[in-house]
Amino acid sequence: MNSIKECRTLNNGVQIPCLGFGTYKAAEGSTSKIIKTAVRCGYRYLDTASFYQTETYVGEAVKESKIPREEFFLVSKVWKDEMGYDNTLRAFEQTLKNLQTDYLDLYLIHWPKPSPDCENWKKLDIETWKALEKLYHEKRVRAIGVSNFLPHHIENLLESCEVVPAVDQLEFHPGYTQEAAVRYCQEHDILVQAWSPLGRRRVMDDELIRALAERHHVTQAQICLRYAFQKGIIPIPKASSEERMKNNQDIFGFELTKAEMQKLDTMPPVGWSGEHPDRERVSIE
């Protein structure tokens, strides 16, 4: 792979771009300007969610681009308070309306639990997944998957589902690699995607990240994204400026060595968002 146009193959044969654009907080000021800039820069994989409140702006950017819908890979997610069979189907219809499209390329369950203390989460997840399977069988979604699911959450689905999740979107970046969850997914042919692939400022300012960026004549962000890419993970970075959007795409002209990858694998824990599906959110400075 040597460009953003390259794709990976999901477990159902669907082709998915190897780099995405995250739209969380990408419509501040109630405008699609940032998303339109991303499309102009060449991003075709646009990641949104009902919770992000950016679906409408993604739909607007896609429509106004005049680029054929099939050239885009549109992803959205059902939120915690939309879970359950009927609720999920209703949420999906609203998502399609917001995006001004009649199908999604990928639809995800955003979190495995509406709250850490939810006792009936297993039943709720299965009901929600059954709704996604219905949409998949009706060809209204090209692929279905999960987000923030750890192995025990996925096992619950595998015990009763017809369709194995195609992806699991996890927080992943140097300093927080969720090794057990990533290994589990890869062993079960579930593609891992990285949200927050750049981590927090402490990741970008880490001495190892800075040294590698200087050695390869790239930005710290490019090191983080290349790291995910070489781990077989699709990074979904966010950016608000055109310069950063373009830099984040330019990760195919260099390669991290085995030793460099090992150093990144074993970085001290840093940059975690504080989010965990089974715990209350931790406030991180």
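Here is what the cut-offs are and how they apply
- Residue indices follow the written sequence of each chain, beginning from 1 at its first position.
- Local features in a predicted model are, by the rule used here, given only for residues with pLDDT of at least 70; side-chain atom pairs are given and counted only at 80 or more, and totals for whole chains, interfaces and linings are based on all residues.
- To obtain the side-chain values, all non-hydrogen atoms of the structure were included, while hydrogens and water were left out.
- Numbering of helices and strands starts at the N terminus; helices are DSSP runs of H or I of at least 4 residues and strands are runs of E of at least 2.
- With a 1.4 Å probe rolled over the protein chains alone, any residue whose accessible area is under 20% of its type maximum counts as buried; one over 50% counts as exposed, and the rest are partly exposed.
- Contacts are assigned to residue pairs with any non-hydrogen atoms lying within 4.5 Å of each other.
- In what follows, salt bridge is the name for a side-chain nitrogen of Lys or Arg lying within 4 Å of a carboxyl oxygen of Asp or Glu.
- Ring pairs are drawn from Phe, Tyr and Trp, using the six-membered ring of Trp, whenever the two centres fall within 6.5 Å, and their geometry is named by plane angle: stacked under 30 degrees, edge-to-face over 60, tilted for the rest.

Attention now goes to the environment of Tyr24. Structurally, Tyr24 can be placed in the loop between strand 3 (21–22) and helix 1 (33–40). When its relative accessible area of 32% is taken as the criterion, Tyr24 is described as partly exposed. Each C-alpha atom, one on Tyr24 and one on Phe51, is 8.7 Å from the other, the two residues being 27 residues apart in sequence. The contacts of Tyr24, once residues within four sequence positions are left out, are Phe51, Tyr52 and Lys238.

On to the pattern of salt bridges, then. Going through the model one piece at a time under the given rule, you end up with 18 salt bridges. Glu60 is the salt-bridge partner of Lys36, the closest N and O atoms lying 3.6 Å from each other. With Lys36 in helix 1 and Glu60 in helix 2 (residues 55–65), this pair connects stretches of sequence that are 24 residues apart. A residue is classified by how much of its surface remains accessible, and Glu60, at 27% relative accessible area, is partly exposed. Here the salt bridges share partners, and the residues they tie into one network are Lys36, Glu60 and Glu64.

Tallied over the full model, the rule gives nine aromatic pairs. Each ring, one from Tyr24 and one from Tyr52, has its centre 5.1 Å from the other, and the planes form 50 degrees; the classification is tilted. With a gap of 28 residues between them, Tyr24 in the loop between strand 3 and helix 1 and Tyr52 in the loop between strand 4 (45–47) and helix 2 connect regions that are remote in the sequence. Measuring from ring centre to ring centre gives 5.3 Å for Phe229 and Phe252, while their planes differ by 90 degrees; the resulting arrangement is edge-to-face. Highlighted residues: Phe229 in helix 9 (residues 220–230) and Phe252 in the loop between helix 10 (242–249) and helix 11 (258–265), separated in sequence by 23 residues. Note on Phe229: relative accessible area 10%, which makes it buried.

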